[in-house]
Amino acid sequence: MNASPDRFHDIRDGVRALCAEFPDSYFRKIDEARGYPDAFVDALTRAGWLAALIPLEYGGSGLGLAEASVIMEEINRCGGNSGACHGQMYNMGTLLRHGSEEQKRRYLPGIASGELRLQSMGVTEPTTGTDTTKLKTTAQRKGDRYIVNGQKVWISRVQHSDLMILLARTTSFAEVKRKSDGMSIFIVDLHRAIGHGLTVQPIANIVNHETNELFFDSLEIPAENLIGEEGKGFKYILDGLNAERTLIAAECIGDGYWFIDRAAKYANERIVFDRPIGKNQGVQFPLAEAYIEIEAANLMRFRACELFDARKPCGAEANMAKYLAAKASWEAANACLQTHGGFGFASEYDVERKFRETRLYQVAPISTNLILSYIAEHVLGLPRSF
Ligand SMILES: Cc1cc2nc3c(=O)[nH]c(=O)nc-3n(C[C@H](O)[C@H](O)[C@H](O)COP(=O)(O)OP(=O)(O)OC[C@H]3O[C@@H](n4cnc5c(N)ncnc54)[C@H](O)[C@@H]3O)c2cc1C
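Residues numbered from 1 in each chain as written. Predicted model: local features only at pLDDT ≥ 70, side-chain atom pairs only at ≥ 80, totals over all residues.

S.K.: Lay out the overall build of the protein with the relevant residues and their values.
M.R.: When its secondary structure is counted, the protein shows twelve helices and ten strands. What you see for the protein is a C-alpha radius of gyration of 21 Å, in line with the 21 Å of a compact globule of 386 residues. When its C-alpha atoms are laid out on the principal axes, the protein stretches across 80 × 50 × 40 Å. A burial count over the protein gives 45% of its 386 residues as buried. Within the protein, contacts between residues at least 6 apart in sequence are counted, and of these 74% link residues at least 24 apart. (Helix = DSSP H or I, 4+ residues; strand = E, 2+ residues; numbered from the N terminus. Rg over C-alpha atoms; globule rule 2.2 N^0.38 Å. Buried ≥ 20, exposed ≤ 12 C-beta atoms within 10 Å, placed from the backbone. Contact = placed C-beta atoms within 7 Å.)

This is how it looks when you write it as structure tokens:
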């Protein structure tokens, strides 16, 4: 199935060639074993795809979010799942845009070469959930260190990362004027931290994400690992979240095309009542509708990329792209499963695997309700509901 023609042929061809070495059977085995696609992520890293956003001067490819999003889209479109590795792409933004020159020189060349992995970001907490500004993890300055105490939940890929971006309160909620003030971000060296104030407890859950609970008990972080100014962390992390939402929109679009491709192929081949099932409009229309919605979401995804890459405000567009794409991929998943009838549930068709994987994106990294609330309040000027 043909997405709108674009200028990214070389990237698409390159990622597709790599993905061809990791066929459906590879991801099916990872799914069955509830494993992690190490070999696939290593191959992507070695080929330089995960260093797309790192500027040339630090050893990366110096590409923009649009290109990075095409890489993520193609992985999902080929039947894989970018959830295993997308963290590096969006975490990069925080370091690139707000890190000091010294921090960039210290970390970026290693990340670009694959020596260091920046796959994790610790924001969500068990008792505050989506209400991020109420987070309870604290980082208190003591001389040349910060002492971190608290807890995080759902933190992905800690086992597959050397570094983690951490959001913590450096000034208590009661002392700040605006609730988004008083939070700071840090780079945590996971090898130094685990066992020395940081305990990691894996959560058995959906494949590819390898999420964890984190417990901080007087973890010491060198003050030089603070990114940007103390107290401005929430503002900085929003940039990263806009990149994350846009990249995930692209992944959903990749999934959406995968579902439509598979469904159209099956609908042409499967003969029931002496004719291909795809001859029935009851089978055609849900697929046509899903395709239209994916194409529309795709336009919003590129609009968000364009604004992000021009360093213009893109909160509304990033959120809308994520909303539209997650909804479209889910509808495509449903239509694809229905088209396959009983075979949609057979693992060898990969539909039920991708169906489960794409459903996540209406919940994480931000739920659909919270996107609607953002648009209602920040775009339409309606009263705040919380
Ligand atoms: C596989 C996976 C990987 C993840 N990886 C990471 C990670 O790497 N780092 C990280 O920091 N976090 C991560 N998360 C956490 C994720 O960002 C949160 O799960 C998500 O933001 C929702 O928060 P919550 O689960 O606490 O839901 P809650 O905040 O408890 O919300 C539950 C439901 O209630 C709804 N709701 C809550 N308040 C309102 C309201 N005011 N109005 C309307 N509806 C409302 C929400 O929309 C949601 O549907 C991950 C989650 C998953 C499942």
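S.K.: Tell me about the pairing of strand 5 (residues 183-189), and name the residues and values.
M.R.: The element strand 5 is extensively covered by neighbouring structure, given that six of its seven residues are classed as buried. Here strand 5 runs beside strand 8 (residues 226-227); their pairing, made up of two bridges, is antiparallel. Along strand 8, the bridge assignment pairs Phe186 with Leu226. (Pairing = 2+ DSSP bridges.)

S.K.: Describe the packing of helix 4 (residues 65-77) against helix 8 (residues 233-269), and please don't skip the residues or the numbers.
M.R.: Orientation of helix 4 relative to helix 8, taken along the N-to-C sense of each, is 35°, at an axis distance of 7 Å. Remark: the crossing between helix 4 and helix 8 carries right-handed chirality. Contacts between helix 4 and helix 8 pair Leu65, Ala68, Ser69, Val70, Met72, Glu73, Glu74, Ile75, Asn76 and Arg77 from the former with Ala243, Thr246, Leu247, Ala250, Glu251, Ile253, Gly254, Asp255, Tyr257 and Trp258 from the latter. Taken together, the residues of the contact of helix 4 with helix 8 break down into eleven nonpolar, four polar and five charged. (Axes fitted to C-alpha atoms, helices over the stretch in contact; angles between N-to-C directions. Left-handed = near helix turned anticlockwise from the far one by under 90°. Nonpolar A, V, L, I, M, F, W, Y, C, P; charged D, E, K, R; others polar.)

S.K.: Give me the lowdown on the environment of Ser82, citing residues and values where you can.
M.R.: Mapped onto the elements, Ser82 comes out in the loop between helix 4 and helix 5 (86-98). In sequence terms Ser82 and Met72 are ten residues apart; their C-alpha atoms lie 5.7 Å from each other. If sequence neighbours within four positions are ignored, Ser82 has contacts with Met72, Ile75, Asn76 and Glu251.

S.K.: Lay out the domain arrangement of the protein with the relevant residues and their values.
M.R.: A common way to report how large an interface is uses the accessible area buried once the components associate. Domain boundaries in the protein define domain 1 (9-113), domain 2 (120-232) and domain 3 (235-379). Computed over C-alpha atoms only, the centres of domain 2 and domain 3 are separated by 31 Å. The interface of domain 2 with domain 3 comprises ten residues on the first partner and eight residues on the second. Taken together, the residues of the side of domain 2 that touches domain 3 break down into five nonpolar, four polar and one charged. (Domains from an automatic or database assignment.)

S.K.: Got a sec to walk through the site of the ligand? Specific residues and values, please.
M.R.: Lining the immediate environment of the ligand, one finds 24 residues, of which Val123, Gly129, Thr130, Trp154 and Ser367 sit closest. Among the secondary structure elements, those contributing two or more residues to the shell around the ligand are strand 1 (120-122), strand 3 (145-156) and helix 12 (368-379). A per-class count over the shell around the ligand returns twelve nonpolar, twelve polar and no charged. Counting contributing residues per domain, the shell around the ligand is built from domain 2 (120-232) and domain 3 (235-379), each supplying no fewer than three. (Near = placed C-beta within 6 Å.)

S.K.: An account of helix 2 (residues 24-32) is requested, with residue identities and associated values reported.
M.R.: Taken together, the buried positions of helix 2 are occupied by Phe27, Ile30 and Asp31. All buried residues of helix 2 project into a common sector of 100° when viewed along the axis, lining one side. Set apart from the buried face of helix 2 by more than 90 degrees, the exposed residues are Ser25, Lys29 and Glu32. Those residues of helix 2 that are buried lie in contact with helix 11 (351-359). Downstream of helix 2 by one or two residues, Arg34 has phi in the positive range, about 45°. (Arc of directions from axis to C-beta.)

S.K.: Before we move on, can you summarise helix 8 with the specific residues and values?
M.R.: Its 37 residues place the ends of helix 8 54 Å apart at the C-alpha level, agreeing with the 54 Å of an ideal helix rising 1.5 Å per residue. Most of helix 8 is tucked away, with 30 of its 37 residues classed as buried. (Expected span 1.5 Å × (residues − 1).)

S.K.: Residues and numbers for the environment of Asn319, please.
M.R.: The residue Asn319 is located in helix 10 (residues 315-339) in this model. Residue Asn319 is classed as buried on the basis of its 26 C-beta neighbours within 10 Å. Measuring from C-alpha to C-alpha, the distance between Asn319 and Phe386 comes to 18 Å, with 67 residues separating the pair along the chain. Other than its neighbours up to four places away in sequence, Asn319 contacts Arg245, Ile371, Tyr374 and Ile375.

S.K.: Got a sec to walk through the packing of helix 8 against helix 10? Specific residues and values, please.
M.R.: Two elements in contact, helix 8 and helix 10, have axes separated by 8 Å at closest approach and are oriented at 20°. Taken together, the axes of helix 8 and helix 10 are roughly parallel relative to one another. In this structure, the crossing between helix 8 and helix 10 has a hand that is left-handed. Of the residues contributing to the contact of helix 8 with helix 10, the split by class is 18 nonpolar, seven polar and four charged. (Parallel < 35°, antiparallel > 145°, perpendicular 65-115°, else oblique.)

S.K.: Account for the pairing of strand 3, naming residues and giving values.
M.R.: Two elements, strand 2 (residues 138-142) and strand 3, share five bridges in a ladder whose sense is antiparallel. Residue Thr138 lies in a different strand from strand 3, and its bridge partner there is Asn149. With nine bridges connecting them, strand 3 and strand 7 (residues 211-222) associate as antiparallel partners. Residue pairing in the sheet places Gln151 in a bridge with Phe215 of strand 7.

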